[in-house]
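Each chain is listed here by its residues.
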Amino acid sequence: MNTPLRIGVLKLADSAPVIMGRHQGIFARHGLETEIVVSPSWANIADGLAWNRLDAAVIFAPLAMMTALGRRGHDTGLRPLGRISRSGNTIMLRGANPVEGTWNAGSPGRQAFDLWAMSIGRKPRIAVVHMYSTHLLILRRFLKMIDVSMEDEIDLSVMPPTDMIHALAENAIDGGCVGPPWGTEAEQRGLAFRVGGSATVLPDHVEKIIVASGKLLSCDATGRRMSHALRDAIAFCQQPGRRADIARALAAPVADGGLTLPLAATEAILPGGDARECVTFAGGSLLPSDLDWIISDMTALGWVDNAEHQMLMRWIGPVPADPAPACARSL
Amino acid sequence: MCEDMVPGTRLRVLVADENPRRGHALSETLHADASLDVLTVPPGTALVDAVRACRPDVVLVDMNRADRDALDSIRALSCSAQERPVALFVDEDDVELMETAFDTGICSYNVLEALPRDVKPLLRAAIALYARFRRTRDELTEAQRVLAERRIIEQAKRCFMKNEKTSEAQAYRWFQRRAMQTSRRIAAVAGEYLASQKKDEAS
């Protein structure tokens, strides 16, 4: 009897290709039996990969790379299978926006920050979804762009994206950099306003990738089938005409194969939606140019040294294309 | 902030479980070891705040806690950029122990730079307790399922007896025979029968 491939995801709209891959029977058409594991935290995803509890996962590149470097307490044969999405992160702040729209670079942005911070009445508490997230890197670049020091002028905290809505409502945080659809959801509920995000800081940056654990990689044929299935699922999700169907599938309860995402906000941020910061589903192999800025920022932050920098550039290489031996599992 | 805090130089273990009954049971088990200071996270307190306040050597954490992400960042955010995050579990040579821990829904974080001694017995105690709780939960779920099935069968039998003017034994034999013919459980056949009756009533 085959063991299904366990794919880890979080409750985010950029998990759509995996959710729709199963929903639309795309994985099955490629001969893959899958089990989708909706995880409560990024730590669960990273540890699941490191400790053989997941065969693949949708994840952001910094955490994937830190996990591959053995920072979860255990070396792992983690490798990237390909891209999943680009952009979609929003920087949201609570209270009133002292200027119209997003904040501009340089002194106009700095002035807006000062006015807003004064209205908050404390050192701003800004949340990101994980220490090793693209969100933290985007937030850092945004603050630098408006001459604000992330290290000295804000209090940084970490919480899962689903918790940020409640934390904003309770004034436990003053803002955050968060993935889709949670920023738009906060905006629609009147809890926060958008000052920047992926489009402002680094348009079309790679956001989520899919990585495979050592077990999946031990069977090249299955790895290739997974890549092909995801290519089809990503193409499906990128069609604006599918937006309503995808939003409904993502809003369904987890027990029914969904992610319990808020319907209106999810529909707004999918390709073709009317949100100002939409997600773009984009597949294909991960390229060094996709990760240059991420690795460079990670090095600047001291997360990796120069030797590890070189290791990460090699890590991006494609999955070997040699014919695979017979695989023991459904892998 | 932390409950049951005991001063001293013994190994400080923070138990972070959102299931208060299980967390209490684990704390009680660990309290029996005099070499441990056992601390718990008060309800409603964020894990990261508890770790900052308690400064434990090891955290045993329920994997369903969404705020586990914040624990990853505690040292990386509060110390120099060269500090590495808290993410060391057990020795490299004991992957099986950690995988067993994962299967039972618990993991262990080391908050120190070096792995403290005697972490494995802690994790083993937690695994045993979590496994026991899971068994109890599974048994309860199974008992509830059996009761629910019985209710459906009884309801379907009553409905069949009324419709077909039969005895209870005849009704049961009908469902039993149908289940055998279709290779399904009697409860499934009974549920289908009730659904078809409801549909007929609605039309």
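This is a predicted model, so every value here is computed, not measured. (Residues numbered from 1 in each chain as written. Chains lettered and ligands numbered in written order. Predicted model: local features only at pLDDT ≥ 70, side-chain atom pairs only at ≥ 80, totals over all residues.)

(A) Broad picture of the overall build of chain B. Looking only at helices and strands, chain B has seven helices and four strands in total. Traced from its N-terminal end to its C-terminal end, chain B shows the element sequence β-α-β-α-β-α-α-β-α-α-α. Out of the 203 residues in chain B, the part that is buried amounts to 34%. Of all intrachain contacts in chain B linking residues separated by at least 6 positions in sequence, the fraction that spans at least 24 positions is 61%. (Helix = DSSP H or I, 4+ residues; strand = E, 2+ residues; numbered from the N terminus. Buried ≥ 20, exposed ≤ 12 C-beta atoms within 10 Å, placed from the backbone. Contact = placed C-beta atoms within 7 Å.)

(B) Quick look at the sheet that holds strand S6 (residues 90-93) of chain A. Residue and element names in this part refer to chain A. If you walk across this open sheet you meet the five strands as S8-S7-S9-S6-S10, and the pairing is mixed. The open sheet is flanked by strand S8 (155-158) and strand S10 (193-197), the only strands paired with a single partner. With direction set aside, neighbouring strand axes in the sheet form an average angle of 25°. Looking at chain direction, strand S7 (residues 125-128) and S8 are connected through four bridges and run parallel. Within S8, the position partnered with Val128 by the bridge is Val158. (Pairing = 2+ DSSP bridges. Axes fitted to C-alpha atoms, helices over the stretch in contact; angles between N-to-C directions.)

(C) Highlighting the UniProt feature "domain: ANTAR" (unreviewed entry) in chain B. Feature annotation in UniProt places "domain: ANTAR" (unreviewed entry) on residues 133-194 of chain B, given in this structure's numbering. Its end C-alpha atoms 35 Å apart, residues 133-194 of chain B is made of 90% helix and 0% strand. (UniProt positions renumbered as here; feature names shortened; annotations may be inferred.)

(D) Local environment of the sheet that holds strand S3 (residues 56-60) of chain A. All names here are of chain A. Strand order in the open sheet formed by five strands is S2-S1-S3-S11-S4, with mixed pairing between adjacent strands. Of all the strands in the sheet, just strand S2 (34-38) and strand S4 (79-83) have a single pairing partner and so form its edges. Adjacent strand axes in the sheet meet at a mean angle of 30°, parallel and antiparallel pairs treated alike. As judged from the four bridges shared by S4 and strand S11 (residues 208-212), these two strands associate in the antiparallel manner. Its bridge partner lying in S11, Gly82 is registered against Ile210. Along the sheet face, helix H1 (residues 16-23) touches strand S1 (5-9), S2 and S3 and points at about 140° away from the line of S2.

(E) The arrangement of the nonpolar core in detail. Membership of the largest hydrophobic core comes to 139 residues, with the highest contact counts inside it found for Ala56, Ala64 and Val211 of chain A together with Val13, Leu14 and Leu60 of chain B. Beyond its immediate sequence surroundings of up to four residues, Leu60 of chain B is in contact with Val13, Val15, Ala16, Leu26, Ile106, Ser108, Leu122 and Ala126 of chain B. Membership of the second largest hydrophobic core comes to eight residues, among which are Ile153, Ala156, Ile186 and Tyr193 of chain B. (Core = buried A, V, L, I, M, F, W, Y, C linked by C-beta atoms within 7 Å.)

(F) Just the confidence of the model for chain B, in detail. All names here are of chain B. Residues of chain B with pLDDT of at least 70 account for 79%, and the chain-wide mean is 79. Across chain B, helix H6 (residues 168-182) holds the top mean pLDDT of 92, while helix H3 (residues 68-78) sits lowest at 65. Under a pLDDT of 50 for its full length, residues 77-87 has, in the predicted model, 26 contacts with residues more than four places off or in other chains. Across the interfaces of the predicted complex, the ipTM metric reaches 0.75, alongside a pTM of 0.81. (pLDDT = per-residue confidence, 0-100.)

(G) A look at the pairing of S1 of chain A. Residues and elements named next belong to chain A. Burial analysis of S1 places four of its five residues in the buried class, which makes it a mostly covered element. In the sheet, S1 pairs with S2 via five bridges, with the strands oriented parallel. Bridge pairing links Val9 to Val38 in S2. Relative to S3, S1 is paired through two bridges, and the arrangement is parallel. Looking at the pairing, Ile7 lines up with Ala56 of S3.

(H) Summary view of unusual backbone geometry. Residue and element names in this part refer to chain A. With an omega of 5°, the peptide bond between Pro180 and Pro181 qualifies as cis. Positionally, Pro181 belongs in the loop between strand S9 (175-178) and helix H9 (182-188). In this structure, Asp204 takes a positive phi of about 65° despite not being glycine. Inspection of the secondary structure puts Asp204 in the loop between helix H10 (198-201) and S11. A count of 12 C-beta atoms within 10 Å places Asp204 in the exposed class. Unusually for a residue other than glycine, Thr260 sits at a positive phi of about 55°. Within the secondary structure, Thr260 sits in the loop between helix H13 (243-251) and helix H14 (263-269).

(I) Spatial organisation of helix H5 (residues 107-120) of chain A. Residue and element names in this part refer to chain A. Given a rise of 1.5 Å per residue, 14 residues ought to cover 20 Å, and the 20 Å separating the end C-alpha atoms of H5 matches this to within 8%. Turning to H5, its buried residues number three or more, namely Gly109, Ala112, Phe113 and Trp116. In an axial view of H5, the angular spread of the buried residues amounts to 100°, which keeps them on one side of the axis. With respect to the buried face of H5, the exposed residues turned more than 90 degrees away are Ser107 and Met118. Phi turns positive, to about 80°, at Gly121, one or two residues after H5. (Expected span 1.5 Å × (residues − 1). Arc of directions from axis to C-beta.)

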